[in-house]
Amino acid sequence: MVHSVPVYFSPDYVLARHEFDTTRKAQWTYESLTAAPIAGIEVRAPEPLTAAEMGEVHDPAYVEAVRTGEPRELAESQGFAWDPALWTMVRASNGGAVAAARAALASGTAGSLSSGLHHARRRHGAGSCTFNGLALAARAALQAGAGAVLVLDFDAHCGGGTHSLLADEPRVWHVDVSVDDYDVYEVSERWTLDLVREAADYLPTVRERLAALERAAPRFELCIYNAGMDLHERSGDGALAGITTEVLAARERLVFEWCRRRGAAVAFVLAGGYISPTLDRAELVGLHRLTLAAACG
């Protein structure tokens, strides 16, 4: 059965002048959906977040720096050259993450073609992430009445920014399965982090972490899924030998089937995934389409 899944995108997602996969691949993925639709996907435009909404998670002084470009060092703390369109871009892309969370609570599954989220801190950006859409989406879900929210972070790199923003929120749980120790953080009962070094251990680790949640965690009203493809063995950053397209396709099926079986709504965003000499644009988009296809189940 094909489920109808709203997926949020706006051309504003790619408006900044800074040329990088993270600031462009939402458009590439949208174009692929236009050329080769996935049954069930309904593309919608999100409402951009306001400065005040950003300020519920991020320091207003940092928000203002991104809006105005001053001080420039702070405005560029994620690693992008600042220009006025950056503000428009991040308002839209983080608005998509929040819209996906709200839509998922209403209808079961939703997503956004947003990326560049999980390294951003309260007072600055980091690692190509300006604002933390995962934390913004979690806050929005809690404000909408969700009693417990799970963040699944399966990017190649660790989600230290999300940890720094939400670790003290007792209604949020976080499962992070990474293959690279960039942005590592201290774990706790509700915030697990596995660093997988061998491809053969990857899917078993994901399965065990999900099984452990069934044994020890509450029922989650919402799972926010950061769906990284940068661990693919031919990706430009974060690659792990032996992580093939087939492994990632199996992971996507596993995540969405687990959420459906548990009765948890799921809101997904795109995470890492980079062109390299051995992975071209079309193949990168194909990896991100695995998430979209699995969401329609």
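S.K.: Please clarify how the packing of aromatic side chains should be interpreted in this entry.
M.R.: Between two aromatic rings, the relevant description is the distance of the centres plus the angle of the planes. Under the defined criterion, the tally for this structure stands at ten aromatic pairs. Between F154 and Y225 the ring centres are 5.8 Å apart and the planes differ by 75°, which places this aromatic pair in the edge-to-face class. In this pair, F154 is assigned in the loop between strand 4 (149–153) and helix 7 (160–166) and Y225 in strand 7 (residues 222–227), connecting sequence segments 71 residues apart. You can call F154 buried: its relative accessible area is 0%. Between F256 and F268, the aromatic rings sit 5.8 Å apart at their centres with planes inclined by 85°, giving edge-to-face as the arrangement. Here F256, found in helix 9 (residues 245–262), pairs with F268, found in strand 8 (residues 265–270); they are twelve residues apart in sequence, far enough to count as distant. Residue F256 shares its accessibility class with F268, and that shared class is buried. An aromatic cluster is defined as three or more aromatic residues linked by ring pairs; in this entry it consists of F154, Y225, F256 and F268.

S.K.: Even after reading the chapter, I still don't get unusual backbone geometry, so can you show me in this structure?
M.R.: As a rule of thumb, non-glycine residues mostly have phi less than zero, and peptide bonds are mostly trans rather than cis. Omega for the peptide link from E70 to P71 comes to -5°, which places this bond in the cis form. Within the secondary structure, P71 is located in the loop between helix 3 (60–68) and helix 4 (72–75). In this model, S128 sits at a positive phi of 70°, which is unusual for a non-glycine residue. Within the secondary structure layout, S128 lies in the loop between strand 3 (109–112) and helix 6 (133–143).

S.K.: Could you clarify how one ought to interpret the nonpolar core in this entry?
M.R.: A general feature of soluble globular proteins is that nonpolar side chains tend to end up buried together. Among the nonpolar cores identified, the biggest contains 102 residues, and F131, L150, L152, F154, Y202, L213 and Y225 are the most heavily contacted of them. Among the elements that make up this core, the one with the highest residue count is helix 5 (residues 85–107) (twelve residues). Excluding residues that lie within four positions of it along the chain, L152 makes contacts with V175, L210, C223, I224, Y225, N226 and V255.

S.K.: Explanation requested: the packing of helix 3 against helix 5 in the structure shown.
M.R.: A pair of packed helices can be characterised by two numbers: the angle between their axes and the separation between those axes. Contact pair helix 3 / helix 5: the axes reach a minimum separation of 6 Å and the direction vectors enclose 125°. One way to sum up the angle between helix 3 and helix 5 is to call them oblique. Between helix 3 and helix 5, the residues in contact are V63, V66 and R67 and L86, W87 and V90, respectively. Residue composition of the contact of helix 3 with helix 5, by class: five nonpolar, no polar and one charged.

S.K.: Can you walk me through the environment of F131 in this structure?
M.R.: Mapped onto the elements, F131 comes out in the loop between strand 3 and helix 6. Assessed through its relative accessible area of 0%, F131 is described here as buried.

S.K.: What exactly am I supposed to notice about the sheet that holds strand 8 here?
M.R.: Two pairing modes exist for strands in a sheet, parallel and antiparallel, and in both the strands are linked by backbone hydrogen bonds. What the eight strands build is an open sheet, ordered 2-1-3-8-7-4-5-6; its pairing is parallel. Looking at which strands have only one partner, the edges of the open sheet turn out to be strand 2 (41–44) and strand 6 (191–195). Here the strands of the sheet are splayed against their neighbours by 15° on average, with no regard to which way each runs. Sheet analysis places strand 5 (residues 172–178) next to strand 6, joined by five bridges and oriented parallel. Residue D176 lies in a different strand from strand 6, and its bridge partner there is L193. Each of strand 1 (5–8), strand 3, strand 7 and strand 8 is contacted by helix 5, which is oriented at about 175° to strand 3, the strand it contacts most.

S.K.: Could you clarify how one ought to interpret the pairing of strand 5 in this entry?
M.R.: Looking down a regular strand, the side chains alternate between one sheet face and the other. Buried residues dominate strand 5, accounting for seven of its seven residues. Going residue by residue along strand 5, you find V172, H174, D176 and S178 tucked away on one face and W173, V175 and V177 tucked away on the opposite face as well. In this sheet, strand 5 lies alongside strand 4 in parallel orientation, the contact comprising five bridges. Within the sheet, the bridge partner assigned to V149 lies in strand 5 and is V172.

Thresholds, definitions, all that
- Residues numbered from 1 in each chain as written.
- Predicted model: local features only at pLDDT ≥ 70, side-chain atom pairs only at ≥ 80, totals over all residues.
- Heavy atoms only, no water.
- Phe/Tyr/Trp six-rings, centres within 6.5 Å; stacked < 30°, edge-to-face > 60°.
- Helix = DSSP H or I, 4+ residues; strand = E, 2+ residues; numbered from the N terminus.
- Buried < 20%, exposed > 50% of the residue type's maximum accessible area, 1.4 Å probe, protein only.
- Core = buried A, V, L, I, M, F, W, Y, C linked by side-chain atoms within 4.5 Å.
- Contact = heavy atoms within 4.5 Å.
- Axes fitted to C-alpha atoms, helices over the stretch in contact; angles between N-to-C directions.
- Parallel < 35°, antiparallel > 145°, perpendicular 65-115°, else oblique.
- Nonpolar A, V, L, I, M, F, W, Y, C, P; charged D, E, K, R; others polar.
- Pairing = 2+ DSSP bridges.

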